[in-house]
Amino acid sequence: MTMPGSSQPIPYLKYADDDEDAVFLNQNNLAISAEVGEKTVALGSYLMPSSRSRKNSNISSRSIMEEENEVLVFVDSPNRKLFCRLCERVFKDPVIVSCGHTYCKACVQSRSDGTCPVDEEKLVVIVANIAVSEQIGELMIHCKYGCYYDEKLKSYVADPTRCPVKIRMSHRKDHESDCDYMPVECPNNAGCPPLLKKDLEDHLRSCNNVNCPYKKYSCDFIGTQEELEEHLKSCRFEGMKEFLQRIDEKVNDLQMHLNQKDQEIEFLRSMLGRLSERLENMEKSVDIKLELVERNQSKIMDEILDNRKDISALTEEMSHINMRINLGATAGAYDPISMFKCKGTFVGHLGPVWCLCAMGDNLFSGSTDKTIKVWDTSSSYKCVKTMEGHTGIVLALCTYGNKLFSGSQDCNIIVWNVDTYESSHIIKAHDNPVCTLVAASNMLFSGSLKVIRVYDVHTYELKKELTGLNHWVRALAATNEYLLSGSYQTVKVWNINTLECVRDLETSGGSVYSIAITNHHILCGTYENCIHVWELNNFNQLETLMGHSGTVYALAVLHTASGTKVFSASYDRSLRVWSMDNMICTQTLVRHQGSVACLAVSRGRIFSGAVDSTVKVWQ
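The shown structure was predicted, so the numbers you read here are calculated from the model rather than taken from an experiment.

A.B. asks: Before we go on, may I ask you to explain the UniProt feature "domain: RING-type" (unreviewed entry) in the protein in this structure?
C.D. replies: Here, UniProt's "domain: RING-type" (unreviewed entry) annotation points to residues 84-120. Secondary structure within residues 84-120 divides into 16% helix and 19% strand; the distance between the first and last C-alpha atoms comes to 16 Å.

This is the structure we're talking about:
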């Protein structure tokens, strides 16, 4: 195939075989120059065709040319930063992944190991990289209809005898869809030679394959455009043009109605088949159920007799248990004096209560409604103040001296004066939500994602960052000697004076959500419903307390006349009371209508906050 007036062959594209992978001309994807005869042409970063040509290919020149990604000849060498590290090509649909690097969207989706080659992070698409896309869109390239495949160079090169246009990549579709050098076929006859779009109009004037518009009505005229005009003057179908048009319209309408009826018939057949299948299944199901009813009648009678025997045995066993309770045989496991009951409910928050903190006769509660409420626990038992200032959920509370510290989803810590209930300072604490707070030894500790920050409790100056944590820090607790922090399957023990990590306590059960410290024990509640117990003096693990059926969100310690009690609050909507003398659950408290998220202790009372937006008092 040649261009009119030239011996230069019209270029066409070759494709690799279906079972072969395309390879790159050069691994660095840099534009280079090569001598072709007496010309110097620019080579782009495009795929090299397979050495084996496709046999008996029926793909037309135009359909091949439309695969624009196979022909990419740059005018100037692109910046190396615009190449994807996975495929070594100029970015196509660049996206930013979770680790911050940029790759082609298709490369990320097709990568089998799913990890970044730079930092081995998991590849997760975050957002399209619009800035890089715009830079690539500004790169200048040759029109693909101005390029041909050079067999010697095994690459596409610019052809000065074809389309001379140089365009930005972002404008290539607009130009190439209407390029004068685009290969086209004569609409009159497939036997005409291939043409370029700019030559089509001239060809149509002299084409010898023009058919009569009434060919479908058996007119067999073929000739030039001028001959067609003469033929129409005597064509017997020309006089019936309007009649034939009406007939065509009616035939089209009838064909449309026929297709609709065919679809309706197929739909009805499908529905009939489904109904027949359902009827057959129902018949089988009825037969099976009748057999089961007959088979189970005798079993039911036997079970009734067995149940009567079991009821009799249970009644006898209950009488023995009551006798043992009255005689004190289970002292420690069941102590009537230490039974806790709900004494009241504080109602006022407009969302779940996530944190509690008690100080004297005041109870402070933080909620999803972004407020902190102050409750009187001595006389009126009402809300005496609602403190506003956070722009996110209030997640943590703690006190020190006459100060209340509150941490929030808005990443800030607000310092409140307990006497006036007014905000006195705002600490820009973290880049992520503040999950937990604790104050000790003139220091304020705040936990967030993989970091604990230490502030001076008086000047609010950042003293140190504690790192090396593997996940969210959702729990903090402190003694005179140690700071304890909980993250994923780990409780870290820090020397509170040197702020150095002195011990790692390994857990099972996922992330640590709560920590409590008694005179002799360390306890932590986990995501997978359990409570781990260690000795405080030597950090030896003693026990794992099981009983909750949901995440243990909070732990609190209460010293009573009958011994040390630990309260646990859970996602399963219950509180449990644990005796630290024998490590068993002595009571389960169920009054909340939602997950119990936080606990506080004050003057022999336990306060529990929950997702049902209430705070309950237990004593």
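Read on, since the account is not over.
A.B. asks: Where do I start with the sheet that holds strand β39 (residues 596-602) in this structure?
C.D. replies: Sheet strands line up and pair through hydrogen bonds in the backbone, either parallel or antiparallel. Taken in spatial order, the four strands of this open sheet run β16-β41-β40-β39, and their pairing is antiparallel. What marks the edges here is a single partner per strand, and that holds for β16 (342-347) and β39. Adjacent strand axes in the sheet meet at a mean angle of 20° when their direction is disregarded. Bridge count between strand β40 (residues 605-610) and strand β41 (residues 614-618): four bridges; the pairing is antiparallel. Among the inter-strand pairings, S608 is bridged to a residue of β41, identified as K616.

A.B. asks: Whenever I open this one, the sheet that holds strand β21 (residues 394-400) confuses me. Can you help?
C.D. replies: Here we have four strands laid out as an open sheet, ordered β21-β22-β23-β24, and antiparallel in their pairing. Each edge of the sheet is formed by a strand with only one pairing partner; in this case those strands are β21 and β24 (422-428). Sheet twist, expressed as the mean angle between neighbouring strand axes with direction ignored, is 20°. Of the pairings in the sheet, the one linking strand β22 (residues 403-408) to strand β23 (residues 412-417) comprises five bridges and is antiparallel in character. Paired with L404 across the strands is W416, a residue of β23.

A.B. asks: What exactly am I supposed to notice about the layout of surface pockets here?
C.D. replies: The rolling of a water-molecule-sized probe over the atoms marks out the regions of remaining empty space. Within this model, the largest pocket holds a volume of roughly 1400 Å³. Lining the largest pocket are 39 residues, with L356, T436, L476, L555 and L599 sitting closest to its centre. Among the secondary structure elements, those contributing two or more residues to the lining of the largest pocket are β17 (353-359), β21, β25 (436-440), β29 (475-478), β31 (501-517), β35 (552-560) and β39. Classifying every residue of the lining of the largest pocket gives 34 nonpolar, four polar and one charged.

A.B. asks: I keep staring at the side chain of T507 and nothing clicks. Help me out?
C.D. replies: In this fold, T507 is placed in strand β31. Discounting residues that sit within four places of it in the chain, T507 has contacts with Q489, T490, V491, V512, C524, H532 and W534.

A.B. asks: Explanation requested: the packing of aromatic side chains in the structure shown.
C.D. replies: Geometry of an aromatic ring pair is reported as the spacing of the ring centres plus the angle between the planes. Scanning the entire structure with this criterion turns up 10 aromatic pairs. Taken together, a centroid distance of 4.9 Å and an interplanar angle of 5° make the contact between F346 and W375 stacked. With F346 in strand β16 and W375 in strand β19 (residues 371-376), this pair connects stretches of sequence that are 29 residues apart. For F346, a relative accessible area of 4% translates into the label buried. Overall, W375 belongs to the buried group, its relative accessible area being 3%. Aromatic pair Y482 and F539: ring centres 5.6 Å apart, planes at 70°, arrangement edge-to-face. Within this pair, whereas Y482 is found in strand β30 (residues 482-495), its partner F539 is found in the loop between β33 (531-535) and β34 (541-545), the two being separated by 57 residues in sequence. For F539, a relative accessible area of 10% translates into the label buried. Linked through ring pairs, Y513, Y527, Y553 and Y571 together constitute an aromatic cluster.

A.B. asks: I would appreciate a short explanation of the nonpolar core in the present structure.
C.D. replies: Soluble globular proteins tend to pack their nonpolar side chains together in the buried interior. Within the largest apolar cluster, 21 residues are counted, with the highest numbers of intra-cluster contacts made by C84, Y103 and I136. Every element with two or more residues in this core is listed here: β5 (94-97), β6 (102-104), α2 (105-110) and α3 (130-137). Contact partners of C84, with chain neighbours within four places excluded, come to R89, F91, Y103, C104 and C107. Core analysis: the second largest hydrophobic core is formed by 16 residues, V184, C192, C212 and L228 among them.

Each value, and the rule that gives it
- Residues numbered from 1 in each chain as written.
- Predicted model: local features only at pLDDT ≥ 70, side-chain atom pairs only at ≥ 80, totals over all residues.
- Heavy atoms only, no water.
- UniProt positions renumbered as here; feature names shortened; annotations may be inferred.
- Helix = DSSP H or I, 4+ residues; strand = E, 2+ residues; numbered from the N terminus.
- Pairing = 2+ DSSP bridges.
- Axes fitted to C-alpha atoms, helices over the stretch in contact; angles between N-to-C directions.
- 1 Å grid on protein atoms, 1.4 Å probe; cavity = no way out; pocket = protein on both sides within 12 Å on 5 of 7 lines; lining within 4 Å.
- Points joined across faces, edges and corners; volume = space filled by probe spheres on them.
- Nonpolar A, V, L, I, M, F, W, Y, C, P; charged D, E, K, R; others polar.
- Contact = heavy atoms within 4.5 Å.
- Phe/Tyr/Trp six-rings, centres within 6.5 Å; stacked < 30°, edge-to-face > 60°.
- Buried < 20%, exposed > 50% of the residue type's maximum accessible area, 1.4 Å probe, protein only.
- Core = buried A, V, L, I, M, F, W, Y, C linked by side-chain atoms within 4.5 Å.

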